[in-house]
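Close look at the chain arrangement
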Amino acid sequence: MPKITLAIPTVITVALTLFFLLPTSVFSQAAHQLLNDKITGALLRNAARPVEKAYLQFDKPYYAAGDTIYFKAYVTLRERHRLSDQSGVLHVDLINPYNKIDQSIKLQLVNGLASGDFSLPDSLPRGRYRVRAYTRLMSGEDEPAFFECELPVNNINTQHISANPSIKNGTAAKTDIQFFPEGGTLVSGIISKVAFKAIGTDGKGVAVSGGIFDSGNNKVCSFSSAHLGMGSFNLLPQEGQSYTARIKYPDGSKGEAKLPATATSGLALTVNNDALPQVNIKIEANQACFAQNKGKDYTMVVYSGGTGTIITCRLDTNIIVLDVAKRHLLTGVATITLFSPEGEPLSERLFFVQNYNVLKVDLKTDQTVYSPRGEVKINLNVKNRADSASAGHFSVSVVDESKVAIDENDEHTILTELLLTSDLKGKVEQPNYYFTNINDETNRNLDLVMLTHGYRRFAWKQLLNDSTARTTVQPEKGIEIAGVAETMGGRPLSKAVVSLIAPFSGWPLTTGTADDKGRFRFVDLVFRDTAKFILQAVNAKGGNNTQLVYAPDGPVPVTPLRYNETAPTDTADAMKAYIKNSIKQNEQLFAQGKATGKMLKEVKIKDRKTRPVVMTDYGIVDYTLKGSDIIPGSSLVNRLDYMIPGVRFERSNPGDNAFVYKRVTVSYPPVPMRVVVDGIQMEPEFNINSLSAATIDKIEVITNPTSSDMHTEGAMLITLKYGHTADEISSKGILPIHVPGFYKAREFYSPKYEAAETSKLSDLRTTIYWNPEIVTNGDGNASLNYFNADAKGTYRVTIEGIDNKGNLGRLVYRYQVQ
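Residues numbered from 1 in each chain as written. Predicted model: local features only at pLDDT ≥ 70, side-chain atom pairs only at ≥ 80, totals over all residues. Heavy atoms only, no water.

**Some thoughts on the overall build of the protein**
- Secondary structure assignment for the protein yields 9 helices and 51 strands.
- Counting across all 818 residues of the protein, residues that qualify as buried make up 52%.
- Pairs at least 24 apart in sequence give 70% of the contacts found in the protein among residues at least 6 apart. (Helix = DSSP H or I, 4+ residues; strand = E, 2+ residues; numbered from the N terminus. Buried < 20%, exposed > 50% of the residue type's maximum accessible area, 1.4 Å probe, protein only. Contact = heavy atoms within 4.5 Å.)

Structure follows, in structure tokens:
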């Protein structure tokens, strides 16, 4: 039985490098070149697609109603985890236990980084909430790998709600159990490893045991779960036999499940990943397969970190064994796929590469023990695997562990998300268990995860059948405003000219042309919060006999939870201290009669004999006309004409369009004024007759503007009455819209205490410090400082981040407050 060791060389490339390793004793020199070319093209097409991942670090693992959820977002490109330069927008949703979006924000990504928060209302029902984050590129994937994290939220004043009310808690007999032959298929005559996973109605693993029986009711082997409902056993399937698992559940109930059917002819792919330096691969054909395919060429692809290695194997013997060195593979999930001589994928096996090449984060504090409200000074130093300084971006959270108990195994970290769960199908329970204490046992249990979860990044059959470059969704660089221009009869208006007008200064007039279906889109816009805009359209001949429809992209539909995960309760051990502290905070605020802000006292201004000076963004108001003083008449223009000193109205053409001008006595013609309705600047040919006099509160006129960006002589500021908005303006070819912009994250409040300062208010903070952006310099150094709260005990510092080369780092550090 020949055995070959393959040392896969180091790859430094922007896309993908393929290696053809063809030792003459086992591998054919020329066979299957056509198949190799086909696989090469498929991998190159896959590599050309920008694939992004997202990870959010939170300040703590659970919250109470009234809290603020703080988070830092990292978006990386492909498997090498470099911060992405593709997307400029990250969508983040807070999803309630009923699978509805409670809050949704857009964050501006700058080189793959952003920070944000969600403020939780005091009345928020307790339950298991989810935070979801994704880019448009991710939503274009066949199997979108959105970031999603479950966050329990408690509220002492509300009843809990189930994660999915339509699902009732089931018994152990309703546990979902599945069996996974290694490589994907049971082959008669070949001993195969069969993994299994048992999941309860709460989505958590169930410890099961039992036996495997053939069709003659003979017990052929036993099995028992090893970790979180997962386990494996060896089975020698025989031709003509079917197999059934008889299962025992923790509550004493029993059940049965059929194992996958056995192939009478085929190959089995076996992987042994126990050794750190290399992974052992065995390809074994049963007698029927070997007799039929002896001398034929099979192809194997090892895929790791965006790099594919193609190996063409000749079936000269029924067993082929080879070793692949792991030192040059990227840390994370790798796949081995075996193809038939005809190019069909036969078997696939996932394995995890652990090369210990994460960043080394070193933390030094100025003291070993601190006092309550004492200042903490921390110096960071970050180095890469080569012991060289790393410049990168990091986020830091400090919590009081006596109030925020953390199950480290259950944590979602930058390592668990980017290296493990984002590449796998299904939910991985307690993902950090496989990273906190790496040893032989955790590695064996991690291999069970590889055997029971499929790879989600691409499907070979689909990839091979795509003979042309795939059309991908384009990355979203900024805010987009899109819609449809139509005739007044509702037909799409081809080639309409659409303008985007902003009411705020400094925004240029943007114009575009609709396509043959009337669709228009303004892209790459950057603005904060919700902004008011005006859309204006004219047809190809310049006429405004058009109407506009604003069609913003809606959120991606929410995927319901598969399992009924129970809501947190007041007696939950993990949250008991946290809820007790929240109650104290509420009582303290109530007793002090204070909230998060102060009420301003009412200020009354006495009447003056002289007219007060009213200053606006456009200058000093010269004249104010009350809406109640507008003279009754036919059109609004007729009523306003001659009522405002220095201003008259004219029409250049017959029709409804009214023009506002400043009265000019020295020269002619008069110069147009700006018209601003409720803060929205109208287009130059705005039809003022579209307003109703009954809705006008006041009209302020500025004939001597002071604003440096004023390109018109003066402005007319129209304020509508309460209950009316500029959105009520209806005019041909004009549509006022409100567009959500980029969310601006709140700054985390961290008090600064003086040495002699005393306060009657207790400092009951649970999150002591949160900083979403710590940048290490060229020497890998950074520093930070903050003040402790009043509580004594253990404080936990969590630092996570990525350097400029895509290396990941995480550190958990604890210190005492006495």
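**Concerning the packing of aromatic side chains**
- On inspection of all chains with the given rule, the structure shows 24 aromatic pairs.
- Measuring from centroid to centroid gives 5.9 Å for Y55 and F147, while their planes differ by 90 degrees, and the two rings are edge-to-face. Residue Y55 is located in strand 3 (residues 52–58), and its partner F147 is located in strand 11 (residues 147–154); the two are separated by 92 residues in the primary sequence. Comparing Y55 with F147, the two get one shared label, buried.
- Ring pairing ties together the aromatic residues Y55, F58, F71, Y74, F118 and F147, which thus form one cluster.
- Geometry around F213 places R246 over its ring, the cationic atom sitting 4.0 Å from the centre. (Phe/Tyr/Trp six-rings, centres within 6.5 Å; stacked < 30°, edge-to-face > 60°. Lys NZ or Arg CZ within 6 Å of the ring centre and 35° of its normal.)

**Some points on helix 6 (residues 440–452)**
- For helix 6, with 13 residues, the first-to-last C-alpha span of 19 Å sits near the 18 Å given by 1.5 Å per residue.
- Where the residues of helix 6 are buried, they touch strand 12 (176–181), strand 14 (192–199), strand 17 (230–235), strand 26 (332–339), strand 27 (345–353) and helix 5 (433–436). (Expected span 1.5 Å × (residues − 1).)

**Looking at the side chain of T546**
- By the secondary structure assignment, T546 is in strand 37 (residues 546–550).
- Among the residues examined, T546 registers a relative accessible area of 1% and is labelled buried.
- Within polar-contact distance, the side chain of T546 engages the backbone oxygen of A537 at 3.2 Å. (Polar contact = N/O pair within 3.5 Å; in protein donor to acceptor, adjacent residues only side chain to side chain.)

**Focus on the side chain of R765**
- Looking at the element boundaries, R765 is found in the loop between strand 47 (734–740) and strand 48 (767–775).
- In terms of polar contacts, R765 uses its side chain to reach the side chain of D763, at 2.9 Å.
- Only 3.1 Å separates the side chain of R765 from the backbone oxygen of N788, close enough to count as a polar contact.
- Discounting residues that sit within four places of it in the chain, R765 has contacts with D400, K403, Q585, S750, P751, Y753, F787, N788 and A789.

**Digging into the sheet that holds strand 16 (residues 219–224)**
- Across the sheet, 4 strands lie side by side as 16-15-18-19; this open sheet has antiparallel pairing. If you trace the sheet from one side to the other, it starts and ends with strand 16 and strand 19 (254–258), each paired once. Strand-to-strand, the axes of this sheet are offset by a mean angle of 25 degrees, without reference to chain direction. (Pairing = 2+ DSSP bridges. Axes fitted to C-alpha atoms, helices over the stretch in contact; angles between N-to-C directions.)

**With respect to the nonpolar core**
- Within the largest apolar cluster, 68 residues are counted, with the highest numbers of intra-cluster contacts made by L56, F58, V92 and L420.
- Not counting residues within four places of it along the chain, the set of residues in contact with F58 comprises Y63, I69, Y70, F71, V131, F147, C149, L151, S397 and W770.
- Among the nonpolar cores identified, the runner-up in size contains 27 residues, and L625, M643, I699 and V701 belong to it. (Core = buried A, V, L, I, M, F, W, Y, C linked by side-chain atoms within 4.5 Å.)

**Concerning the environment of D297**
- Its location among the elements puts D297 in strand 23 (residues 297–304).
- Here the side chain of D297 touches R314 through a polar contact of 3.2 Å, side chain to side chain.

**Thoughts on the sheet that holds strand 30 (residues 375–383)**
- The strand order 28-30-49 describes an open sheet built from 3 strands, whose pairing is antiparallel. Of all the strands in the sheet, the pair left with one neighbour each is strand 28 (360–365) and strand 49 (781–787). Put simply, the sheet's adjacent strands are angled 25 degrees from each other on average, direction ignored.

**Let's talk about unusual backbone geometry**
- Of note in this structure, N99 is not a glycine but carries a positive phi near 65 degrees.
- Relative to the helices and strands, N99 resides in the loop between strand 7 (89–95) and strand 8 (101–108).
- Judged by relative accessible area, which is 15%, N99 ranks as buried.
- Of note in the backbone geometry, Q430 takes a positive phi value of approximately 45 degrees without being a glycine.
- You can see Q430 is positioned in the loop between helix 4 (414–419) and helix 5.
- For Q430, a relative accessible area of 18% translates into the label buried.

**Points about helix 1 (residues 33–48)**
- The first and last C-alpha atoms of helix 1 sit 22 Å apart over 16 residues, in line with the 22 Å expected at 1.5 Å per residue.
- Those residues of helix 1 that sit buried are L35, N36, I39, T40, A42, L43, R45, N46 and A47.

**A word on the pattern of salt bridges**
- Under the counting rule described, the total for this entry stands at 30 salt bridges.
- Between D423 and K53 there is a salt bridge, and its shortest N-O distance comes to 3.1 Å. You can see D423 sitting in the loop between helix 4 and helix 5 and its partner K53 sitting in strand 3, a full 370 residues away along the chain.
- On the accessibility criterion, D423 (3% relative accessible area) is buried.
- Owing to a relative accessible area of 2%, K53 belongs among the buried residues under this scheme.
- Among the salt bridges present, the one from R128 reaches E150, with a minimum N-O distance of 4.0 Å. With a gap of 22 residues between them, R128 in strand 10 (residues 127–134) and E150 in strand 11 connect regions that are remote in the sequence.
- E150 sits in the partly exposed class, given a relative accessible area of 21%. (Salt bridge = Lys/Arg side-chain N within 4 Å of Asp/Glu carboxyl O.)

**Quick look at the environment of V399**
- Here V399 shows up in strand 31 (residues 392–400).
- Taking the C-alpha atoms as reference, V399 lies 7.1 Å from Y769; in sequence the two are 370 residues apart.
- If we skip the residues at most four places from it in the chain, V399 touches D59, K60, V404, I406, T766, T767, I768, T794, Y795 and R796.

**Things to note about the environment of G627**
- As for its position among the elements, G627 is in the loop between strand 40 (623–626) and helix 9 (636–640).
- Take G627: its relative accessible area is 11%, and that puts it in the buried class.
- Once the C-alpha coordinates of G627 and L720 are considered, the two residues, 93 residues apart in sequence, prove to be 8.8 Å apart.
- Ignoring any residue separated from it by four or fewer positions in sequence, one finds G627 in contact with I696, D697 and K698.

**A few points about the confidence of the model for the protein**
- In the predicted model, the protein carries a mean pLDDT of 83, and the fraction of residues at 70 or more is 81%.
- This stretch, residues 1–5, has a pLDDT under 50; its non-local contacts, to residues over four places away or in other chains, come to 16 contacts.
- Confidence drops under pLDDT 50 across residues 7–31; counting only partners more than four residues distant or on other chains, this segment forms 64 contacts. (pLDDT = per-residue confidence, 0-100.)

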